[in-house]
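The primary structure of each chain is shown beneath.
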Amino acid sequence: MPFEDDNRVAARVETGLIVAGFAGMLLLLPRLDWGDGSVRYFQLTALLERGTVPEGKYSMVGPLLSAPLWLIGKIVGSPDWWTLRYNTLLLMGGVAFVWFALRDRLPRPLLRRFILLLVVASMFAHHQLGYNGEMFTAILVLMGTVALLKGKDWPGWVTVVIGVANTPAALPAMALMTAKRIWDVRRLRWVLAVCAAAALVMMEAWLRRGSPFATGYEADDHGNRTIMPYSGLPGFSYPIFFGMLSLVFSFGKGLLFFAPGLFLPVRQRLRGLPIGRQLYDVWLAFVIGLLLLYAMYWSWSGSSFWGPRYLLFAAVPAAFALAVRCYRPGDSALADVVTVLALGLSIWAGLNGAVFGDVDVPNVCWPDGAGQYEAPICFYTPEFSALWYPFVAGAKPLSAGQWIYLAYALSVGVYLLAGPLLRVAGHLRTWVVLGAARIRAVQW
């Protein structure tokens, strides 16, 4: 499908901003404390150094593919430095694949804006700082779905299967996405992809823990008992109603604040872009599947991790929706104002996650070291949300690299907001002119 000519100046500027963002992520920003990523790292180290097959609950599918980085680091004497940049390299590879796969199927200005939002103004900006497994699953599902819609069915499904096998809890999300795809193309055989992902999960459990049904998340996998009514229970024991409300609306973990583009209507603006609409639909199906499952998980919040940890993939349709609304703005002034608000909040979420993160929030959430105040304060109180706490306590001391990245991210934010803000200014000017004309027309 032919699209309008691309603006060369804008193309160069936006490409330069994307490349600069990745350079800043790799070289300027300090890495996160390991957290759960340390377990994966030590499992990988034990496997590569001693040949020990780990029995832990975290999948080794994603960490295994980071083995080349670990080996390079081992040779030069810093395996942790190289391994901690695995998620950043995954993000780079993912967006590169998306660009080359879709550059002739979607308008290039729209595609570049989508990638720029993913890199700088989404939850990916924080997740790429660590070694947790959500990035691997999100990127491989993103690449796999793009391949599917490009007509590369088997490579696409294989990529999705590998990504989901790294996060077994994503199986219901894959099932819902597959059902949507089966409905669209009327090919029932793609249910085999879900079976393949489940088989891969069970095979890993069998090899590592001796049984295909040993998930590692047994009855003793639960949190501390706190003042929260349903705390301390294991497994998927959380009431789905409260879990859904919290994952959408809570100040510290809600998608409404960390991925606001997810709630913007864009289907009408995707007319004439069939692959864009199909991608958006399968992405939404996957997010809904994640949301329904994790709303019942006892640790739906991801504990002290910045934002809605397990719902990282929600950043994909959220960024795409914002890119579409910027590329095809509507005629309504209210719609433009909503776009500006959602875009500004998304930019802040990405900037905050990359530069400020959640380093200082745990000091408030666990003042007694026992986690008794974690949920009610840090999940639901706006002052202690990772997004707003820097304004309450004052910004922490930043390194020189963080200051440079902060200046870069603010520049990108201004660039992204310029068009929508000019449209809002145009609406205001029209209202002022019309109001003045009506005043002059009055017979005093």
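Because the structure is a prediction, the values reported are computed rather than measured.

Q: So what about helix α6 (residues 86-102)? Which residues, and what values?
A: Here α6 spans 24 Å end to end across 17 residues, near enough to the 24 Å set by a 1.5 Å rise per residue. For α6, the complete set of buried residues consists of Tyr86, Asn87, Thr88, Leu90, Leu91, Gly94, Val95, Val98, Trp99, Ala101 and Leu102.

Q: Which residues make up unusual backbone geometry, and what are the values?
A: At arginine 186, a position not held by glycine, the phi torsion is positive, near 55°. Tracing the backbone shows arginine 186 in the loop between α11 (171-185) and α12 (191-209).

Q: A description of the packing of aromatic side chains should follow, citing residues and the corresponding values.
A: On inspection of all chains with the given rule, the structure shows 29 aromatic pairs. Relative to phenylalanine 320, the ring of phenylalanine 114 lies with its centre 5.4 Å away and its plane at 85°, an arrangement referred to as edge-to-face. Here the residue phenylalanine 114 occupies a position in helix α7 (residues 108-120), and phenylalanine 320 occupies one in helix α16 (residues 315-327), the gap between them amounting to 206 residues. Residue phenylalanine 114 is classed as buried on the basis of its relative accessible area, which comes to 1%. The class for phenylalanine 320 is buried, based on a relative accessible area of 1%.

Q: Could you give an account of the nonpolar core, naming the residues involved and the relevant values?
A: Across soluble globular proteins, you tend to see nonpolar side chains buried next to one another. Ranked by internal contacts, the top residues of the largest apolar core, which has 133 residues, are Phe114, Phe124, Met174, Trp283, Phe286 and Phe313. If you tally residues by element for this core, the top one is helix α15 (residues 274-294), at eleven residues. Those residues in contact with tryptophan 283 that sit more than four places away from it in its chain are Phe114, Leu142, Thr145, Val146, Phe313, Val316, Pro317 and Phe320.

Q: Please provide a residue-by-residue account of a nonpolar patch on the surface, values included.
A: There is a patch of nonpolar side chains on the surface, built from Leu176, Tyr230, Leu233, Ile240, Phe241, Phe242, Leu245, Phe249, Ile288 and Leu292 and spanning about 880 Å² of accessible area. If you list the elements that add at least two residues to the nonpolar patch, you get α13 (240-249) and α15. Residue contributions to the nonpolar patch peak at five residues, all from α13. Relative to the elements of secondary structure, leucine 176 occurs in helix α11.

Q: Give a description of the pattern of salt bridges that names residues and reports values.
A: Under the criterion given, the structure shown has 13 salt bridges. Put simply, aspartate 184 and lysine 180 hold a salt bridge, and the shortest N to O gap is 2.6 Å. One end of the pair, aspartate 184, and the other, lysine 180, are both in helix α11, four residues apart, so they sit about a helical turn from each other. The exposure class of aspartate 184 is partly exposed, given its relative accessible area of 35%. With a closest N to O distance of 2.8 Å, arginine 208 and glutamate 204 form a salt bridge.

Q: If you had to explain the side chain of threonine 88 to someone new, which residues and values would you point to?
A: If you trace the backbone, threonine 88 turns up in helix α6. Using a relative accessible area of 0% as the deciding quantity, one classes threonine 88 as buried. Beyond its immediate chain neighbours, meaning those up to four positions away, threonine 88 contacts Phe22, Met25, Leu26, Arg31 and Gln128.

Q: How would you summarise the environment of arginine 225 if you had to cite specific residues and measurements?
A: Structurally, arginine 225 is set in the loop between α12 and α13. C-alpha of arginine 225 to C-alpha of valine 61: the two residues are 164 residues apart in sequence and 32 Å apart in space.

Conventions and cut-offs
- Residues numbered from 1 in each chain as written.
- Predicted model: local features only at pLDDT ≥ 70, side-chain atom pairs only at ≥ 80, totals over all residues.
- Heavy atoms only, no water.
- Helix = DSSP H or I, 4+ residues; strand = E, 2+ residues; numbered from the N terminus.
- Expected span 1.5 Å × (residues − 1).
- Buried < 20%, exposed > 50% of the residue type's maximum accessible area, 1.4 Å probe, protein only.
- Phe/Tyr/Trp six-rings, centres within 6.5 Å; stacked < 30°, edge-to-face > 60°.
- Core = buried A, V, L, I, M, F, W, Y, C linked by side-chain atoms within 4.5 Å.
- Contact = heavy atoms within 4.5 Å.
- Patch = residues over 30% accessible without salt bridge, like charges linked within 9 Å, V, L, I, M, F, W, Y side chains within 5 Å.
- Areas by Shrake-Rupley, 256 points an atom, 1.4 Å probe, with all protein chains shown as cover.
- Salt bridge = Lys/Arg side-chain N within 4 Å of Asp/Glu carboxyl O.

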